[in-house]
Amino acid sequence: MDKPMSTAAHDATSAEELIAQDVGARLPGGIMEKSIASLALLWSLFQLWIASPLPFIVGFGVMNDTETRAIHLGFALLLAFLVFPAFKRSPRDRVPVTDIMFGLIACASSLYLFVMYEALAQRPGTLTTGDFVTALIGLPLLLEAARRVLGPALPIIAIVFIIYSLAGPWMPGILSHRGVQLDALANHQWITTEGVFGIALGVSTSFVFLFVLFGALLERAGAGHYFIQLAFSMLGHLRGGPAKAAVVASGLTGLISGSSIANVVTTGTFTIPMMRKVGFSAEKAGAVEVASSVNGQIMPPVMGAAAFLMVEYVGIPYVEIIKHAFLPAAISYIALLYIVHLEALKLGMQPLETAQSKPWLTRLTGFAFGVTLVSGLSMAVYYGLGWLKPALGEYALQGVALLLAIAYLGLLRIAANNEPLPPEDPNQPLDQLPNTRQVLLSGLHYLLPVVVLVWCLMVERLSPGLSAFWGSVILVVIVLTQRPLLNWMRKDGKHNYGSFKEGCIDLREGLVAGARNMIGIGIATATAGIIVGAVSQTGVGLVLADLVEMLSMGNLLLMLLLTAVLSLILGMGLPTTANYIVVSSLLAPVIVTLGEQHGLIVPLIAVHLFVFYFGIMADVTPPVGLASFAAAAVSKGDPIKTGLTAFYYSLRTAALPFLFIFNTDLLLIDVDWAHGIAIFIVSTVAMLIFAAATQGWFLTRNKWYEGVLLLLVAFTLFRPGYWVDLVVDPYQSTNPKVMTQTLESLEPGDVLRMRISGEDSVGKMREFSVLLEVPEGQSGQDRLDALGLETYQQDEKTFIDIVAFASPAEAAGLQFDQQIIDVRITVERVRKEWMWIPALLLFGLVVAMQRRRVAKELRLASA
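Residues numbered from 1 in each chain as written. Predicted model: local features only at pLDDT ≥ 70, side-chain atom pairs only at ≥ 80, totals over all residues. Heavy atoms only, no water.

Novice: Help me out: how do you make sense of the overall build of the chain in this one?
Specialist: For the chain, the count of helices and strands is 38 helices and six strands. Taken across its 863 residues, the chain has 54% of its residues classed as buried. Contacts in the chain between residues at least 24 apart in sequence constitute 76% of all its contacts with a sequence separation of at least 6. By element, 65% of the accessible surface of the chain is carried by carbon and sulfur atoms, the whole surface being about 37,000 Å². (Helix = DSSP H or I, 4+ residues; strand = E, 2+ residues; numbered from the N terminus. Buried < 20%, exposed > 50% of the residue type's maximum accessible area, 1.4 Å probe, protein only. Contact = heavy atoms within 4.5 Å. Areas by Shrake-Rupley, 256 points an atom, 1.4 Å probe, with all protein chains shown as cover.)

Structural data, given as structure tokens:
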């Protein structure tokens, strides 16, 4: 996880040192180095064990969620104290005895829940002296571990929430509450699963570790180098090609890397020097790498750790999160490729000679071959396994394993018949690009684990943890066997791929690297659990909701802006995961409620993705954008200027969350396939136009009014309904007195909007809107009964008399004695998509103006 550092420190810090800080800056020698590696290895093996079906098969080692979370945090705490020094002046070449003692005590405090689980289960809520002392020792040591690993921001915020819990009666005004006793706080935060050992740590234990380990093993197998070479061979010869290759390579690497900094340095050491060779400045080369690397966390199917937290917080399967997140992520990467193209146009770059000499038919044929190969493999996997499973019945697992083994050997045979990948060499001349076909065929077996992972997630609908386990099993086999098998299959003897022993070393190092990468995430989720626990114990979430609502003056857009700013500010000191936990737990319900008050039903997943997007933006934003500093260390550019340029490139990512809050079609919510494809095409075009407007260049340099027109076109393509709403009100008001007649006139499935005034679930007077789907029913009264509502009239007003238990009305938050102010139904009107036509005509006008200007410039140049 990312630690805040001063600017001066960054200027003097190399990229390698930033990576070291990301996974533990202390590298002692001798027996301690072996001990740390052994602990990390043991942690990875433990996580693989609990994720596998083996404990249930052998009847040994079966543990519940609380026990596994305790062991998980125990490993994280012990390793945190061993590999992260306390201060800058602390020794890096040895581990002080005090740190060993702190690590062992912290680990014991966590393992207390594992050892005493049976006793604790028999006396819930009853705190013994041992429980109390363990909590009082464990909490401070967890905060100290967080300070070492993540910097001071997160522990300070956690301490503020602890103080707030204890000092409730002395808090001013609306912040006051009855207070929490010290023993109750210790019990809530450490002994139960409401605080430190809550949902966030559970997700880290069950899901996140396996995906981080999957990424580490895939990188160790050689997939990271393969992705870089493949992207560079395909795009390196184009105008600004190395920068385009950096975008694609970083996107692919981002699928398997949980760290923005690691992604920047892994791909940046190769791509940044290449970008500089073709004319990009040091700052722009670094910024392109940062913008593409950071966005790796939003690209399905393997997103950042926060995506797995959404599974628990939003309550939907991970497959649904992948579906909702795919379109914005794809649009964001396509737009970044276009931004790089515009930068190349600004700098007057030309395609390399190697590209110009290739006939367009050859390039088109190569592209078609790649698409056909990928599509063919996808169809073979989907339909082949779909037929195989019912045919083999109970032997399906063995059959699938045999099929994968045959596929693996076949792909290795293809790799052995092609030249191995060239080593990464930033000094390689740009006229000697890798051959795309040879690069593609030399590493197709690296795609097998990804295919297995996606199959388990999307088709088999296994849990994310079990899916990552099976993907990791395939990776273990590849890491161990690819070297000797390639040597055996290659008959000419020209290349030595290594031995089985080297494969064992790769496996060990991959398991160790995965565990070290997890230290920060484990500590972050546990510490953020303190904040979540304080919110649930004190009810401060409702207070903060009132405060934010007051600051936003009830305006949803201003509320979203405040949330975005808060995410960016917190992200300067918090890693993405902790930032997401804090902001989403405090503000996500507020945004949903505020949207309801304005008649806008904001899906919870949209709000959580909004917070997630701005959490990752903090890695870019100066003055504490660590990914920008890592890129500057490679490019030798100015880190602040690199960060500002990267933020400028990332405006497209900042715009998307606002758009999908108001237009949930972008998240593919209640959208069929045909509509989804249309949304993808139009939204991509809109984002490219937005990029052209913000970059100040389309066919040529934009005039100021052309930039304004392009922004207007992009907005209309993204939100066509805005203009239709201005012309024709989308809803028609009806008198609440005749609600039964209104219900009878509607079709089942139509939406009824009701404006309500009265007390909400916590006794606060407010006005809000609810949406109710019209149920089946022979008459309007039958449908009203199906909604679970009974009303009465008083002084020409309509009030709610009865709300049936477990009815749609109760689920919408309706209660006895609330007044129904207004009932609104959707009216028939022109489809909002018709607004795309004037937008495209306006875009055509800009194109015509710029083409005329380009032609004039060419005439002047030729004259």
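Novice: Help me out: how do you make sense of the pairing of strand β5 (residues 797-803) in this one?
Specialist: For a regular strand, side-chain orientation follows a simple rule: the groups alternate between the two sheet faces. Across six bridges, the pairing between strand β4 (residues 789-794) and β5 is antiparallel. Looking across to β5, one finds that E790 is bridged to I802. Counting the residues between successive antiparallel strands, the hairpin from β4 to β5 contains two residues, one of them, D795, with a positive phi of roughly 55°. Relative to strand β6 (residues 819-826), β5 runs antiparallel, the two being bridged by two bridges. (Pairing = 2+ DSSP bridges.)

Novice: Would you take a moment to explain the packing of aromatic side chains for this structure?
Specialist: How two aromatic rings sit relative to each other is set out by the distance from centre to centre and by the angle between their planes. Taken as a whole and assessed by the stated rule, the structure comprises 21 aromatic pairs. Here the aromatic rings of F46 and F75 are separated by 6.2 Å at their centres, their planes lie at 40°, and the arrangement is tilted. With a gap of 29 residues between them, F46 in helix α3 (residues 30-51) and F75 in helix α5 (residues 65-83) connect regions that are remote in the sequence. The pair F46 / F75 is uniform in exposure class, with both members buried. Aromatic pair W704 and Y705: ring centres 5.8 Å apart, planes at 85°, arrangement edge-to-face. Residue classification places W704 among the exposed positions, given a relative accessible area of 71%. The exposure class of Y705 is partly exposed, given its relative accessible area of 35%. (Phe/Tyr/Trp six-rings, centres within 6.5 Å; stacked < 30°, edge-to-face > 60°.)

Novice: For this particular structure, what's the right way to read the nonpolar core?
Specialist: A general trend in soluble globular proteins is that nonpolar side chains are found buried together. In this structure, W43, L73, L142, W190, V196, I519 and I523 are the most contacted members of the largest nonpolar core, which totals 218 residues. A domain split of this core shows at least three residues from each of domain 1 (15-195) and domain 2 (663-728 + 830-862). Setting aside its immediate chain neighbours within four residues, V196 contacts L73, L139, L142, Q189, W190, L201, A526, G529 and I530. (Core = buried A, V, L, I, M, F, W, Y, C linked by side-chain atoms within 4.5 Å. Domains from an automatic or database assignment.)

Novice: Looking at this model, I keep getting lost on the pattern of salt bridges. Mind explaining?
Specialist: Enumeration according to the criterion identifies 16 salt bridges in this entry. Here E144 makes a salt bridge to R147, at a shortest N to O gap of 2.9 Å. Here E144 and its partner R147 are both found in helix α8 (residues 129-150), three residues apart, which amounts to about one turn of the helix. A single network of salt bridges, built from pairs that share partners, joins D99, E144, R147 and R148. (Salt bridge = Lys/Arg side-chain N within 4 Å of Asp/Glu carboxyl O.)

Novice: Sorry, what's going on with unusual backbone geometry here?
Specialist: Most peptide bonds take the trans configuration, and most residues that are not glycine carry a negative phi. Residues other than glycine seldom take positive phi values, yet E796 does so here, at roughly 65°. Topologically, E796 is positioned in the loop between β4 and β5. Its relative accessible area of 64% is what places E796 among the exposed residues. The phi torsion at A806 lies on the positive side, around 60°, for a residue other than glycine. Within the element layout of this structure, A806 appears in the loop between β5 and α37 (808-811). On the basis of relative accessible area, A806 is assigned to the exposed category, the value being 59%.

Novice: Help me understand the packing of α5 against helix α6 (residues 97-115), please; the structure alone is not making it clear to me.
Specialist: How two helices pack is summed up by the angle between their axes together with the distance between the axes. The contact between α5 and α6 brings their axes to 8 Å, and the two run at 175°. With respect to each other, α5 and α6 are oriented roughly antiparallel. Between α5 and α6, the residues in contact are T66, E67, A70, I71, L73, G74, L77, L78, F81 and L82 and D99, I100, F102, G103, L104, A106, C107, S110, L111, L113 and F114, respectively. When its residues are assigned to classes, the contact of α5 with α6 shows 15 nonpolar, four polar and two charged. (Axes fitted to C-alpha atoms, helices over the stretch in contact; angles between N-to-C directions. Parallel < 35°, antiparallel > 145°, perpendicular 65-115°, else oblique. Nonpolar A, V, L, I, M, F, W, Y, C, P; charged D, E, K, R; others polar.)

Novice: In this structure, what is going on with the layout of surface pockets? I would like to understand it.
Specialist: In this approach, a probe sized like a water molecule rolls over the atoms, and the result shows the empty space that is left. By volume, the second largest pocket amounts to about 1,900 Å³. Every residue lining the second largest pocket is counted, 45 residues in all, and those nearest its centre are P730, Y731, R753, R829 and K832. For the lining of the second largest pocket, the elements supplying multiple residues, two or more each, are α31 (651-662), α34 (720-727), β2 (751-759), β3 (765-773) and β6. Looking at the lining of the second largest pocket element by element, the count peaks at six residues for α34. (1 Å grid on protein atoms, 1.4 Å probe; cavity = no way out; pocket = protein on both sides within 12 Å on 5 of 7 lines; lining within 4 Å. Points joined across faces, edges and corners; volume = space filled by probe spheres on them.)

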